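Residue strings, one per chain:
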Amino acid sequence: MNAALIPAGKSPALSPEPKVWIIGGADIDLRLGLVRKLQGFGYRMSVAGTGPASAFDEAGIPYFAYRLGNRVDLLSDWLGYRQLLRYLRQHKPDVVHAFDTKPSIFGIAAGARAGVPARIRTITGLGYVFSSETVGAKWLRPLLSRMHRWAADRADCTTFYNAADRDYSLQHGMVRADRQRLIPGSGIDYAAFRRQIPDPEQLARLRQELGLDDRPVVIMIARLIPEKGVREFIAAARQLTEQKVAAQFLLVGPLEAASRGGISARELRAAAPTVWWIGPRSDIPALLAASEICVLPTYYGEGLPRVLLEAGAAARAIVTTEIPACRELITHGVNGLLVPPRNITELAAAIRRLLENHALRQHVADQFHDVVRQKFTLDRIAATWAQIYAQLLRKSCGVRAVPTAA
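Residues numbered from 1 in each chain as written. Predicted model: local features only at pLDDT ≥ 70, side-chain atom pairs only at ≥ 80, totals over all residues. Heavy atoms only, no water.

Chemist: Explain the overall build of the protein residue by residue, including any values.
Modeler: When its secondary structure is counted, the protein shows 17 helices and 15 strands. For the protein, the C-alpha radius of gyration of 22 Å lies close to 22 Å, the compact-globule estimate for 406 residues. Along the first, second and third principal axes, the C-alpha set of the protein runs to 75 × 50 × 35 Å. Classification of the 406 residues of the protein by burial places 53% in the buried group. (Helix = DSSP H or I, 4+ residues; strand = E, 2+ residues; numbered from the N terminus. Rg over C-alpha atoms; globule rule 2.2 N^0.38 Å. Buried < 20%, exposed > 50% of the residue type's maximum accessible area, 1.4 Å probe, protein only.)

Here it is in structure tokens:
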């Protein structure tokens, strides 16, 4: 792919290939595939993030580290904003595209102050503050709502991953109706994901390394915070084990014990041998392929859960919750099973239903696999972003930018 870029009349000076900066947080490496795809549309890509630079260094993509934590820290936030402002003033990108909560606030503010022509913010999920009923979350909600509104006024477009987040933001004045758009997630590089699935012999070795036997494997992959439903998964696994249901339960993900009084390593070790926690892993395609069912019992303020797309790409059956983000992907009984959030009995029953009904398990897995392959590929999402960039550049700079097939 490439982009034909033709200046129209007198406009701000643009490079032959417009410069796009992607700004994100600690998980910025998840945007690497998108960045590569956008390069194919003729955009010169750079990335700013708080996570490791190694993946971008290896890909030859300029990476700029800055400081911005997850918690409310006025000094740290101000320093992160100043770093971004210096970068943007120095490198003068044509487009700033910020993902996640804090980057979409401070990155957009820096872009506006630096005079970046086109500014986009993507809300990947409203998160803990808008999904939790704790005193701390309720106290922060009005403040964060005002910050979202402030940032949205400085952006050309705010995009959302699901209709519920968009509607909530419109209802509470956090975004303007004429400056918002719904985008179906970040997409998944389906072909690359499938290439990472090992052959049967390698999968057999992986199962042996993990200490798995011939029983079906039920896996949960997530950041290990309570709102992802970790405790509900462990409780459902115990319930099924007590019922003598033949299954093995794997829990995969990084520990975030310092986050909101989260889940401790001691608590996870106590769940063994019913549930085996194997920590964070990079071989997610292989782990999903070695499993039969993927469970995400979340009640977090999700955008569009990536792990569900990955499970779909691996053609694995899904049990998840009836929250808006998951309902955007899963239709109960058609391409997965939905259960009420925080309902351990219903969660256990849904897992058992798929374990004991192989035909249903295969049907819902195949159906969602087709959905992911047809609607949520990275190619489709990248083409959408390329068009949005083109539209904003045309509007702000008088440039006609039309992505075309190479």
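Chemist: Tell me about helix 10 (residues 230-242), and name the residues and values.
Modeler: Within an α-helix, residues lying three or four positions from one another point in the same direction, as the helix has 3.6 residues per turn. Its 13 residues place the ends of helix 10 19 Å apart at the C-alpha level, agreeing with the 18 Å of an ideal helix rising 1.5 Å per residue. Of the positions making up helix 10, those classed as buried are V230, E232, F233, I234, A236, A237 and L240. Where helix 10 is buried, its residues touch strand 9 (217-221), strand 10 (248-252), helix 11 (265-270), strand 11 (275-277), strand 12 (293-296) and helix 15 (344-356). Count one or two residues on from helix 10 and you reach K244, which has phi positive near 65°. (Expected span 1.5 Å × (residues − 1). Contact = heavy atoms within 4.5 Å.)

Chemist: Could you give me a rundown of the packing of helix 13 (residues 306-313) against helix 16 (residues 358-375), with the residues and numbers involved?
Modeler: Contact geometry for helix 13 and helix 16: axes closest at 7 Å, N-to-C directions at 110°. When the interaxial angle is binned, helix 13 and helix 16 end up roughly perpendicular. Contacts between helix 13 and helix 16 involve L308, L309, G312 and A313 on the former and, on the latter, F368, H369 and V372. Tallied by class, residues from the contact of helix 13 with helix 16 come to five nonpolar, two polar and no charged. (Axes fitted to C-alpha atoms, helices over the stretch in contact; angles between N-to-C directions. Parallel < 35°, antiparallel > 145°, perpendicular 65-115°, else oblique. Nonpolar A, V, L, I, M, F, W, Y, C, P; charged D, E, K, R; others polar.)

Chemist: Give a detailed account of the nonpolar core, specifying residues and quantitative values.
Modeler: Counting residues in hydrophobic clusters, the biggest one holds 100 residues, and the most contacted among them are I22, Y43, V218, L288, V319, W385 and Y389. Residue contributions to this core peak at ten residues, all from helix 17 (residues 378-397). Those residues in contact with I22, other than ones at most four positions away along the chain, are I28, R31, V35, M45, S46, V47, A48, H97, F99 and Y389. (Core = buried A, V, L, I, M, F, W, Y, C linked by side-chain atoms within 4.5 Å.)

Chemist: Quick one: what's the story with the environment of A112, residue by residue and with numbers?
Modeler: Mapped onto the secondary structure, A112 falls in helix 4 (residues 101-114). Sequence-wise, A112 and V96 are 16 residues apart; in three dimensions their C-alpha atoms are separated by 9.3 Å. In contact with A112, other than residues within four places in its own chain, are R119 and R154.

Chemist: Could you give an account of unusual backbone geometry, naming the residues involved and the relevant values?
Modeler: One can expect most non-glycine residues to show negative phi and most peptide bonds to be in trans. With omega at 5°, the peptide bond leading from A272 into P273 counts as cis. For K244, which is not glycine, the phi dihedral falls at a positive 65°. As for its position among the elements, K244 is in the loop between helix 10 and strand 10. One non-glycine residue, R342, lies in positive phi territory at about 65°. Mapped onto the fold, R342 is located in the loop between strand 14 (337-339) and helix 15. Its relative accessible area of 54% is what places R342 among the exposed residues.

Chemist: Which residues make up the sheet that holds strand 8 (residues 180-182), and what are the values?
Modeler: Reading across from one edge, 4-3-2-5-6-7-8 is the order of the seven strands in this open sheet, with parallel pairing throughout. Looking along the sheet, the strands with just one partner apiece sit at the ends: strand 4 (63-65) and strand 8. Shown here is a sheet whose adjacent strand axes are inclined to one another by a mean of 20°, direction ignored. One ladder, built from three bridges, connects strand 3 (residues 44-49) with strand 4; its direction is parallel. Counted as the bridge partner of A48 is F64 from strand 4. Across the face of the sheet, helix 1 (residues 32-39) comes into contact with strand 2 (19-23), strand 3 and strand 5 (95-99) while running at roughly 160° to strand 3. On the sheet, helix 3 (residues 74-91) packs against strand 2, strand 3, strand 4 and strand 5 and is oriented at approximately 170° with respect to strand 2. (Pairing = 2+ DSSP bridges.)

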